[in-house]
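Summary of the model geometry
If you want the building blocks of each chain, they are given just below.
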Amino acid sequence: MKLFDCPELGERPLSEFVYGGAVRAAPSVDATDDAWAEHVFHRHGAPALRTEWWYHRPSGTWFWVTRDTASDAVAAVRSASTNRTEENAP
Amino acid sequence: MTFLMSSRVPPEHAPFEWIDRSRTLAFRFEGRTLQAHPGDSIASALWAAGERIFGQSLKKRRPRGVDAGMLVRDGALGAVPADDTVVTAGMDLRFLRDPFAHSLPGWVAAGTKLGPDRYYDAKNGGDLRHEYAVRQWVGLTELPTTKGAQAAKRNATDDVLVVGGGISGIAAALAACARGARVTLVEQSATLGGRAVASADGRARLLELLRETADCRTLSVRTDTTALGIYDDRFVPLLGPEGITRFRARAVVLATGRVELPAIFRNNDLPGVMTIASAERLLFRYGVRPGARVVVMDSSKSSALIANALAAAGSELSAVVETPGSVVEEALAGDDGTLAAVVIRSATVRSRVACDALVVSAGSSPNDALALGARRTREAVFEPVSRLVASGVWATGSLVGCSSVDERIADGARVAELATERSSTPSGARESVVRGPDLDAEVTPTVMARAALLECAPIVAHSEGGCFVDLDEDVELGDLEVAIAEGFDVSALLSAYTKLGRGFSQSKASHAQAARVLSEKSHGLLARAGRPLPRPPVRPVAMRFLAGRSLHPRRRTPMHAFHVGNGAELLIADDWERPAVYRRSNDRQSDVGAEVRTVRTGVGIIDVGTLGKLEIAGPDAARLLDHVYTGRFSDMSAGTCRYALLCDESGTVVDDGVAARLAADRFYVTTTTSASAVVYREMSRWALELGLEVVLTNLTGAIAAMNLAGPSSRAVLARVADDAAVVDCPYLAARETMLAGVPSRLLRVGFVGELGYELHVPADAGLRTWQRLLDAGHDADIRPIGVEAQRALRLEKGHVIVGQDTDALSSPYDVGLGWAVKMQKPSFVSRRSLAIRKARPKERALVGFVVEGQDGKDVRECHLVVDETGPVGRVTSVIQSPTLGKTIGLAFVPAGAAHPGASFTIRLDRERRTLARIAPTPFYDPEGARQRLDLAMSMVENSRWTVTRDRVDGDVAAQPGHARAEILGVHDVSRIGRYVVKGPFARAALASVGTPVPDAFFEAAPCGPWAFVARTGRTEFWLEDLGVKLDGAIAGAYVYDRQDVSLLLTGSRLPDLLAEMTATPVDPGVPRLHLTDVLRVSSMILGRPGYAVPAAQVWFDATYRMYVTNTVTAMAMELGGGWVSNDAVSALGFHFSDQSGGNHGS
Amino acid sequence: MSAPAIWSLAKSSGNSVETRERSRCSRVDNTDVALSWPRRLKKSYDVVIVGGGGHGLAAAHYLARDHGLTDVAVLEAGIIGRGNSGRNTAIVRSNYLTPEGVRLYRESMKLWRELSAALDINVFYSERGHLTLAHTEGTLRTMRWRAGVNQELGVDSELIGPSDVARLCPKLDLACGGMPILGALYHPPGAVAAHDAVVWGYARAAMRAGVEVHQNTRVQGFDVREGRVVGVQTSEGHVSANRVLCAVAGSTPRITSLLGLGTPIVVHPLQACISEPMHPWLDPIVVSASLHAYVSQDARGTLVMGAALDGYELHQPRSTFDFMEELSSAMLDLFPLLGRVRIVRQWAGMADMTPDFSPIMGPTSIDGFFLDAGWGTWGFKATPISGKTMAHTVATGTAHPLIEPFRLSRFVDYALIGEKAAASVGH
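Residues numbered from 1 in each chain as written. Chains lettered and ligands numbered in written order. Predicted model: local features only at pLDDT ≥ 70, side-chain atom pairs only at ≥ 80, totals over all residues. Heavy atoms only, no water.

Moving on, we get to helix H8 (residues 276-286) of chain B. All names here are of chain B. H8 sits mainly inside the fold: ten of its eleven residues count as buried. Buried within H8 are the following residues: Ile276, Ala277, Ser278, Ala279, Glu280, Leu282, Leu283, Phe284, Arg285 and Tyr286. Of the surrounding elements, those touching the buried residues of H8 are helix H1 (42-48), strand S14 (258-260), strand S15 (273-275), helix H9 (304-312) and strand S21 (357-361). Taken from the residues just after H8, glycine 287 is the one with a positive phi, measuring 60°. (Buried < 20%, exposed > 50% of the residue type's maximum accessible area, 1.4 Å probe, protein only. Helix = DSSP H or I, 4+ residues; strand = E, 2+ residues; numbered from the N terminus. Contact = heavy atoms within 4.5 Å.)

What follows is the structure, given as structure tokens:
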């Protein structure tokens, strides 16, 4: 079973996590209705190295995992924090 | 023909044999009683006993013997492979008869082939009938008639796992140990050694290495154990005699060796034809002579050893055929259908040689099923295995092409050192590290490996066929040629078409030969001839091993004992067991009706403890709620509550509940039963997204909740309320107050439409408060109310249940909840989508309806609403209202038809329809006067909420058991006080009472014999068994009593128990907290060093108490332990400084 | 085979290339073989179909048969039928929830019953009956809903009680490990088929009509002029095309991203496994949404078993061990006697999931580019009808009435087709 090596927590199996999708920025307030609907429904589903939300259930904490959705290789796991840097944003 | 002289050779010819000659055992084969030695395989025992035919092949009914992948039927086990199943006393073995195979052509079992003339006859009933006829005959075994116990699974981990106990595997294991690694070495067969035993040189070296392994402390060897596959992050499940070990290593070294290819010529499947590997096994491992008169066919100059050994063991060596100069063209069967002679052909001569065994060394291919699986390539080509297979997975020995014993030993050692070295780097970096150029030289396969692919005996075709490539599926050379000619000329299509390699053994060797045929017939280059990936598991696994112990987490509220004690019919919703209705008569409906009437006319009490209960504290608490929910909460005054509706980003209703403002910076929110975890999770995500300063706590399991409802509820509550005035709080008030000495939260809400109070108390006071209220309501005829009556009551009020009256696409406007959306708020999660959806023409509406007449009672939830065009809606809720005496319900109808008084058609079944009339909701007390019922106002101060525990002991009465405690004791320590302090000023709060303030996460800082403080979050600390008071005087530090169940686990077998309880390695000797799953439930485990025996403590949500404690106890008992008393653990030195509930003494 | 011949690799390894070309050429215009492969791509085609799975090959067949279009190339990045068409669990049913869905699958099943005769190949279509078990009141409600919609639209489907379930499937344990079976949705025409045969049948029929199928030909880009697709760049060269149909299941996001075309599709692995072959004991197809497991027994007697989607996005058909563990545990709850039965092989496919669990079919905002996607876990049963309706759509340029509701633009219109309750084992 896949492992995530989480800061502070240590290595935990995939079964303890809930996948939260890619980290995305919300469209600006003046976006058109169609642009908003595309934000709500459309996804960047192509294989990519990207940062995703992963929730560790037993500790109730969110992590930002940088993962290659083609190879499943995990490049980095960071604690999701309120002070978001540019790099966290998509 | 069969030679009857005994085939068993004297021990001196069979070094390293697997059998125990000192003992014999009896088994039956086809009704005959035969003798075998313990350790014999079925095949070796039969061969030794002179049995040459183990059965007939499944499709072409060919007689087959040893080394033919034959399956035999055992009475108990079903079909088992004869070559690698150990024979046991009393086995009753028979041919695996497959009546279908001879009565119908092979194509059906072979799967689908093309062409009408040959196989498919549309005129005569088509494939349907055809296929049904066939199905009656397929299959190897029957469905077993008994279950078979589900074996426990254990988790294990080591630095290095070496797969394959051949000489290179052993060398690798020792080298890794020498580097200081903890190593596990697994070997599929009964002993280490592999094929090294064939040579005198190999035997000598093997003995040295075996001596070293015996002395090596950090090496553990598992024989009779198969590595089933290499999964993510070096997860390698092992199948041993006792079941499955879920093994994880930092590095994996594969030393799985090579597979001998079967030679391909006519009748190459006759009993007596075998590969050199299998001949070696018969002779050296089982002491069985492969035959009396043997022909050896050799393509790699490697058969001298076996030839000499056979001669020495008394076989007559009739001929040695050296390819490609000369080849075996055909094998001939005697009258009994076994090998009698071979036809040898060279450039010039063609000769017939009598023999009863043909030992072929036709070349070999890497045994690379595990390696290819680890590589994760989609379609493999036929190529040598490189030493670095994948991140953290390595290969060595003959698998990568090493030939001589010395080379295999040296390579094993070198690769193991590399593997150990690399594995010490963190998993994140591993990928890049292994791509270092320095490694390229190391990992490329040897020249020999490349060469070996070509050093194969020629494939000898024959005009009359009978040249088998895959014995499992009876695939012949001719079948491959037909398939290729038909255009199935790449391996993936070829094997799908012919079923090559799809059999029980997944025919490792057949792909190599097929690749040669393909390359010859089509692509030309062996390297270009693809091969299908071998798919895990590498050997078939019984589902009882895979399933392991059957685990079904169940949650119960603190009042569960009362429910089952009072005739409640339980229903399971999510993990929860809830009372559907309390049965008092034989008439279920009248019981429900009576419960409804009780609430309407008197007073009832409902266990609503399964509701999600979240506390949101901190300066930004209101902002968070305003953002997540559709309503506005920032303008609420403390002491009030409001309906809270949750929509997702697309504006679809996902949850609802009540939000109570307890103080300027503290909200208490309820969610529906199924949504609590999700709402908590998404709220914390939004808090992060927005950068809000909030403290979220999920109190669902920590708080018991009950709804006291009915005209008399006020009188009943007045009797238990310490503050008499609280009962007169206004509708939608929220109070923190004391009930019967228990600190409680009181929400005055009216889900069921009567004067009612929702009472929230600490879980361990739940049952007591519940019973106090029942006592207080005795003369008011109070009675407990089940889920069904509750649903009826809310439906009479027209209240919507999210998930039942809404679906995956419902907007608030579809279901009449538009009033709960506050568009004035500048922004919230669903605002934009709701604005868009509100502007669109409404398609459907949820309306209340009434059905008069008899048909009403036949209306069911999810019956369709239909018109002449077909389905246009559905009934979402319906009941026979006990209060109103008619059928009422909610239904989706087309928005255009949703006029009060209008009628629509409900479809009852294929024939019957009934008319329903749209009626205004609520059906009952439309003005809501009864629930609002304005009582004399009297504001009360919000008292600070603290907790008192009542001392009910664990569900399982502890027994003494001093002895058990030393083996494996389970003791309930839930009674010990514990709480968390959270928030920006949590540190300050700790400092103020002088406890340690640990910086490192999850490390328990001791504060006494048992007590500790640990950091469990960025601004969260766990306090266990601390005497000090911490009443949260400091603003910005929030204190939450932990109501978890906690178990103390003690004794020498603790590591075994932990290995079954959790996948996370827990060292009892290290005082570190592990937040991880235990038996699939979110839990916390702590090593408890410093005691006479290994010890650990585990905490988990109290609603899982019965499920977890019962399961852990069952496991402990299997390991020789069980429940133990306080005396037993204190005798071992476990003392708890405070048993009065931590800082929350009443 | 002629007189005994001795082959040795030593001989062949030298003249490999010639051998290959010869063997290819010798078969290229030989029409009586099952599969005849063209030698190389032409410069241009009227229609290019991306994806040589069941859907793409079926579309090619119906383009030729129903619309007389044969200047068609099917481009397959790997080998035909080795994607989801060869990885699914081969179940065919039409007992869906939404009228739009039920109509589509109903028409598909009409084609299925005739498929062996129509394609002149035995697809082992076997009507077993399909049982979707309900362990909770909530599921039972949804079953009643589905049964009603099914019956209204002429699909044979009904809600049955535990005793009928026991009669139809005697080996089932109604107590089911603490999640008692309260009833089931019974769909008598539910069937299984041999998925490889379907692919080969459509491929052969299309090839015989003149359609070219190119394997190992990977699409790397598109030429779009004034909002219209005019050509395709492939690993084997460039071809121009008047129309392009994309039917690539789990690879849809990769292809649409080449065009900058936005879709809701995310790709999750879906796993399956098979047991050793057993004498037939299980007639119906049995599905338990609550336990996330389903099983049928195929023509060879092996149990074909599957579960819910893997919980996260991944473009790789890798297998996991915990899948087999969870599935076995669920299977033993349903059928305790399976304890000693062995699992022989496991594999995975890649499911292209949509938010509403319905497919995405029809024209797109790019002229001449047509999408047949979003087939998630329910694509196999739709192979014939998607081929037929997409052929119509490509040939006429306008969406076939049956698939109009499944247009890509339904999402921005908030006009989803909520099929979740019926489409997926997980829900």
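Once the structure has been displayed, the description carries forward.
Glancing now at the nonpolar core. Soluble globular proteins tend to bury their nonpolar side chains together. In terms of nonpolar packing, the biggest core is built from 93 residues, with Leu493 of chain B together with Leu35, Ile49, Ile80 and Trp200 of chain C touching the most fellow members. Among the elements that make up this core, the one with the highest residue count is helix H7 (residues 195-208) of chain C (eight residues). If we ignore the near neighbours within four places in the chain, the residues touching isoleucine 80 of chain C are Leu493 of chain B together with Leu35, Trp37, Gly52, Leu57, Val199, Trp200, Ala203, Val213 and Gln215 of chain C. Grouped together as the second largest cluster of nonpolar side chains are 72 residues, Met70, Ile167, Ala198 and Cys216 of chain B included. (Core = buried A, V, L, I, M, F, W, Y, C linked by side-chain atoms within 4.5 Å.)

To continue, consider the interface of chain B and chain A. With 37 residues of chain B in contact, the opposing surface of chain A contributes 37 residues. Inspection of the chain B/chain A interface yields three salt bridges. Note that arginine 832 of chain B and aspartate 33 of chain A form a salt bridge whose closest N and O atoms lie 2.8 Å from each other. Secondary-structure elements contributing two or more residues to the side of chain B that touches chain A are strand S13 (243-254), helix H12 (427-434), helix H22 (676-690), helix H26 (831-839), strand S57 (1073-1078) and strand S58 (1081-1087) of chain B. Top contributing element to the side of chain B that touches chain A by residue count: H22 of chain B, with eight residues. Within the side of chain B that touches chain A, the residues separate by chemical class into eleven nonpolar, eleven polar and 15 charged. (Salt bridge = Lys/Arg side-chain N within 4 Å of Asp/Glu carboxyl O. Nonpolar A, V, L, I, M, F, W, Y, C, P; charged D, E, K, R; others polar.)

For the rest of this paragraph, the subject is unusual backbone geometry. Residue and element names in this part refer to chain B. Following proline 536, the chain continues to proline 537 via a peptide bond in cis, the omega torsion being -5°. The amide bond that connects threonine 921 to the next residue, proline 922, takes the cis arrangement and shows omega of -5°. Considering the arrangement of structural elements, one finds proline 922 in the loop between strand S49 (913-919) and helix H27 (929-932). Although it is not a glycine, aspartate 474 adopts a positive phi angle of roughly 55°. Looking at the element boundaries, aspartate 474 is found in the loop between strand S27 (468-470) and strand S28 (475-476). Among the residues examined, aspartate 474 registers a relative accessible area of 3% and is labelled buried. The phi dihedral of leucine 732 is positive, around 65°, even though this residue is not glycine. Tracing the backbone through its elements, the reader meets leucine 732 in the loop between helix H23 (713-720) and strand S40 (734-739).

This paragraph deals with the packing of aromatic side chains. Here the structure, examined in full by the defined rule, presents 36 aromatic pairs over all chains. When the ring of phenylalanine 562 of chain B is compared with that of tryptophan 770 of chain B, the centres are 5.4 Å apart and the planes differ by 70°; the resulting orientation is edge-to-face. Separated by 208 residues along the polypeptide, phenylalanine 562 of chain B in helix H19 (residues 560-565) and tryptophan 770 of chain B in helix H24 (residues 763-776) bring together distant segments of the chain. Ring centres of tyrosine 96 of chain C and tyrosine 105 of chain C lie 4.2 Å apart, and the angle between their planes is 20°; on these two criteria the pair is classed as stacked. For the pair tyrosine 96 of chain C and tyrosine 105 of chain C, one class covers both residues: buried. In textbook terms, an aromatic cluster arises when at least three aromatic residues are bridged by ring pairs, as seen for Phe4, Phe17, Tyr19 and Trp54 of chain A together with Tyr312 of chain C. It is arginine 745 of chain B that lies over the ring of tyrosine 668 of chain B; its NZ or CZ is 4.5 Å from the centre. Its guanidinium or amino end placed over the ring of tryptophan 145 of chain C, arginine 874 of chain B lies 3.8 Å from that ring's centre, counting from NZ or CZ. (Phe/Tyr/Trp six-rings, centres within 6.5 Å; stacked < 30°, edge-to-face > 60°. Lys NZ or Arg CZ within 6 Å of the ring centre and 35° of its normal.)

One pass over the full model with this rule turns up 92 salt bridges over all chains. Close ionic contact of arginine 600 of chain B with glutamate 754 of chain B constitutes a salt bridge, the shortest N to O distance being 3.0 Å. Note that arginine 600 of chain B is positioned in helix H20 (residues 588-601) and glutamate 754 of chain B in the loop between strand S41 (742-747) and strand S42 (756-762), a separation of 154 residues in sequence. Under the relative-accessibility criterion, arginine 600 of chain B is labelled buried at 4%. Two residues, lysine 982 of chain B and glutamate 1020 of chain B, come together in a salt bridge whose shortest N-O distance is 3.9 Å. With lysine 982 of chain B in strand S51 (residues 978-982) and glutamate 1020 of chain B in strand S54 (residues 1020-1024), this pair connects stretches of sequence that are 38 residues apart. Residue classification places lysine 982 of chain B among the buried residues on the basis of a relative accessible area of 8%. For glutamate 1020 of chain B, a relative accessible area of 21% puts it in the partly exposed group. Via salt bridges that share partners, Lys2, Arg50, Glu52, Arg67 and Asp72 of chain A together with Glu313 of chain C belong to a single interconnected network.

Taken in spatial order, the five strands line up as S52-S53-S54-S51-S55 (chain B) in an open sheet, and their pairing is antiparallel. Two strands lie at the open edges of the sheet, namely strand S52 (1005-1006) and strand S55 (1038-1041) of chain B, each paired on one side alone. (Pairing = 2+ DSSP bridges.)

All names here are of chain B. Most of strand S46 (residues 870-880) sits inside the fold, with eight of its eleven residues counted as buried. When strand S45 (residues 864-867) meets S46, the two strands line up antiparallel, connected through four bridges. For leucine 864, the partnering residue across the bridge sits in S46 and is arginine 874. Hairpin remark: S45 followed by S46, antiparallel, with two residues in the connecting loop. As paired strands, S46 and strand S47 (residues 887-894) are joined by six bridges and run antiparallel to one another.

A word on the interface of chain C and chain B. Each side of the interface is counted separately: chain C has 101 residues, and chain B has 121 residues. Both faces considered, chain C and chain B share a buried interface measuring about 10,300 Å² in area, 58% of it formed by carbon and sulfur atoms. Our count for the contact surface shared by chain C and chain B stands at seven salt bridges. A salt bridge links arginine 907 of chain B to glutamate 152 of chain C, with the nearest nitrogen and oxygen atoms 2.7 Å apart. One can count 24 residue pairs in polar contact (both at pLDDT 80 or more) joining chain C with chain B. Per-element tally for the side of chain C that touches chain B: the top contributor is helix H9 (residues 321-334) of chain C, with nine residues. Each residue belonging to the side of chain C that touches chain B can be placed in one class, and the counts come to 46 nonpolar, 27 polar and 28 charged. Looking at chain direction, strand S30 (residues 541-542) of chain B and strand S18 (residues 342-353) of chain C are connected through two bridges and run antiparallel. Counterpart to valine 541 of chain B in the pairing with S18 of chain C is isoleucine 343 of chain C. (Buried area = accessible area lost by both parts, 1.4 Å probe. Polar contact = N/O pair within 3.5 Å; in protein donor to acceptor, adjacent residues only side chain to side chain.)

It is worth spelling out the sheet that holds strand S43 (residues 783-785) of chain B at this point. Strands belonging to one sheet form pairs held by backbone hydrogen bonds; the direction of such a pair is parallel or antiparallel. Residue and element names in this part refer to chain B. The six strands lie next to each other as S40-S41-S42-S39-S33-S43, forming an open sheet whose pairing is mixed. Of all strands in the sheet, those bounded by a partner on one side alone are S40 and S43. Neighbour to neighbour, the strand axes of the sheet diverge by 30° on average, direction disregarded. Here seven bridges tie strand S39 (residues 703-709) to S42, and the two strands are oriented antiparallel to one another. Its bridge partner lying in S42, isoleucine 703 is registered against proline 762. Packed onto the sheet, H23 meets S39, S40, S41 and S42 and runs at close to 30° relative to S42. (Axes fitted to C-alpha atoms, helices over the stretch in contact; angles between N-to-C directions.)

Turning our attention to the pairing of S18 of chain C. All names here are of chain C. Among the twelve residues that make up S18, twelve are buried, leaving the element largely enclosed by the rest of the structure. Two strands pair when backbone bridges link them, and strand S14 (residues 266-275) and S18 are joined in this way by ten bridges, in the antiparallel orientation. Its bridge partner lying in S18, serine 275 is registered against isoleucine 343.

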